[in-house]
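Notes for the structure review
Here is how the chains run, residue by residue.
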Amino acid sequence: MVELAPGVFAPGDAVRIQFSRSSGPGGQNVNKINSKAELWVKVSRIVGMEFRALARLRTAAGNRLTNEDEIHLRAEAERSAEANREEVFERLRQLILSACVQPKPRRKTKPSKASKQRRLDSKRRRSQIKSHRRGQSNDD
């Protein structure tokens, strides 16, 4: 079992990591060393998350979710493969943690009578100010 986030695990065969040549920094090594890290995780095999949290995870993954129900992440900003590997796992961890947070339900609210009255009073005042401007003529 691989720990993806605190309390969230996936079997070892549900997580696949691959290294390839990176287009990022690395100097002359960029042409010789496989430092880009790519990670695939089967969402259906993740353990320790509620059903709703998994649905939020799929939504949050967006176009990083493949047709095989896998999240595909890649990192190539660092020079070493190990640093890119850590970066890709950190991105997955952040994605999982954000999906575990249940959004607060929105409650409809109405403006109070007093706030409606204040709004109408201020509109009336502005209207009077503008109408007084129209009445004056500058024929001096």
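None of these values were measured; they are calculated from a predicted model. (Residues numbered from 1 in each chain as written. Predicted model: local features only at pLDDT ≥ 70, side-chain atom pairs only at ≥ 80, totals over all residues. Heavy atoms only, no water.)

A word on the sheet that holds strand β4 (residues 36–42). With antiparallel pairing, the three strands of this open sheet are ordered in space as β3-β4-β5. Taken across any chain shown, the strands that pair with only one partner, and hence form the sheet edges, are β3 (15–20) and β5 (70–75). For this sheet, the mean inter-axis angle between neighbouring strands, taken without regard to orientation, is 15 degrees. Those strands touched by helix α2 (residues 81–100) are β3, β4 and β5, and its axis lies near 135 degrees from that of β5. (Pairing = 2+ DSSP bridges. Helix = DSSP H or I, 4+ residues; strand = E, 2+ residues; numbered from the N terminus. Axes fitted to C-alpha atoms, helices over the stretch in contact; angles between N-to-C directions. Contact = heavy atoms within 4.5 Å.)

So, about α2. The first and last C-alpha atoms of α2 sit 29 Å apart over 20 residues, in line with the 28 Å expected at 1.5 Å per residue. For α2, the complete set of buried residues consists of N84, V88, F89, L92, L95, I96 and A99. For α2, the arc enclosing every buried residue in end-on projection is 135 degrees, short of the 170-degree limit, so these residues lie on one face. Of the surrounding elements, those touching the buried residues of α2 are β1 (2–5), β2 (8–10), β3, β4, α1 (51–61) and β5. (Expected span 1.5 Å × (residues − 1). Buried < 20%, exposed > 50% of the residue type's maximum accessible area, 1.4 Å probe, protein only. Arc of directions from axis to C-beta.)

Turning to the packing of aromatic side chains, a few remarks are in order. Two aromatic rings, taken as a pair, are described by how far apart their centres are and by the angle between their planes. This model, assessed by the stated rule, comprises zero aromatic pairs. Its end group placed over the ring of W40, R16 keeps NZ or CZ at 4.2 Å from the ring centre. (Phe/Tyr/Trp six-rings, centres within 6.5 Å; stacked < 30°, edge-to-face > 60°. Lys NZ or Arg CZ within 6 Å of the ring centre and 35° of its normal.)

The next subject is the packing of α1 against α2. Two measures define how a pair of helices packs: the angle their axes make with one another and the distance between the axes. Relative to each other, α1 and α2 sit at 130 degrees, their axes nearing to 8 Å. One way to sum up the angle between α1 and α2 is to call them oblique. Our pair here, α1 against α2, has a crossing hand that is right-handed. Residue-level inspection shows A53, R56, L57, A60 and A61 of α1 in contact with α2, the latter providing L95, I96, A99 and C100. For the contact of α1 with α2, a count of residues per class yields eight nonpolar, no polar and one charged. (Parallel < 35°, antiparallel > 145°, perpendicular 65-115°, else oblique. Left-handed = near helix turned anticlockwise from the far one by under 90°. Nonpolar A, V, L, I, M, F, W, Y, C, P; charged D, E, K, R; others polar.)

A word on the nonpolar core. Core analysis: the largest hydrophobic core is formed by 25 residues, its most contacted members being L4, I46, M49, L57 and I96. Taken together, the elements giving at least two residues each to this core come down to β1, β2, β4, α1, β5 and α2. Sequence-distant contacts of L4, that is, excluding residues within four places in its chain, are made with F9, A10, V15, V41, I46, F89, L92, R93 and I96. (Core = buried A, V, L, I, M, F, W, Y, C linked by side-chain atoms within 4.5 Å.)

Residues with a pLDDT of 70 or more make up 91% of the protein, whose mean pLDDT is 87. The lowest-confidence element of the protein is β1, averaging 86 in pLDDT; the highest-confidence one is helix α3 (residues 113–135), averaging 93. (pLDDT = per-residue confidence, 0-100.)

This next bit is on the environment of L57. Structurally, L57 is set in helix α1. You can call L57 buried: its relative accessible area is 0%. Between the alpha carbons of L57 and V43 there is a distance of 8.3 Å; along the sequence they are 14 residues apart. Filtering out sequence-adjacent residues up to four positions away, L57 remains in contact with V43, I46, M49, I71, L95, I96 and A99.

With that out of the way, let us pick up the pattern of salt bridges. One pass over the structure, following the stated rule, counts nine salt bridges. Where K42 meets E70, a salt bridge forms, and the shortest distance between an N and an O atom there is 3.6 Å. With K42 in strand β4 and E70 in strand β5, the pair connects residues that are 28 residues apart, well separated along the chain. Between R93 and E90 there is a salt bridge whose closest N-O contact spans 3.1 Å. Taken as a pair, R93 and E90 lie in helix α2 at a separation of three residues, close to a single helical turn. Taking relative accessible area as the criterion, R93 reaches 28% and is therefore assigned partly exposed. Linked through salt bridges whose partners overlap, the residues forming this network are R16, K42 and E70. (Salt bridge = Lys/Arg side-chain N within 4 Å of Asp/Glu carboxyl O.)

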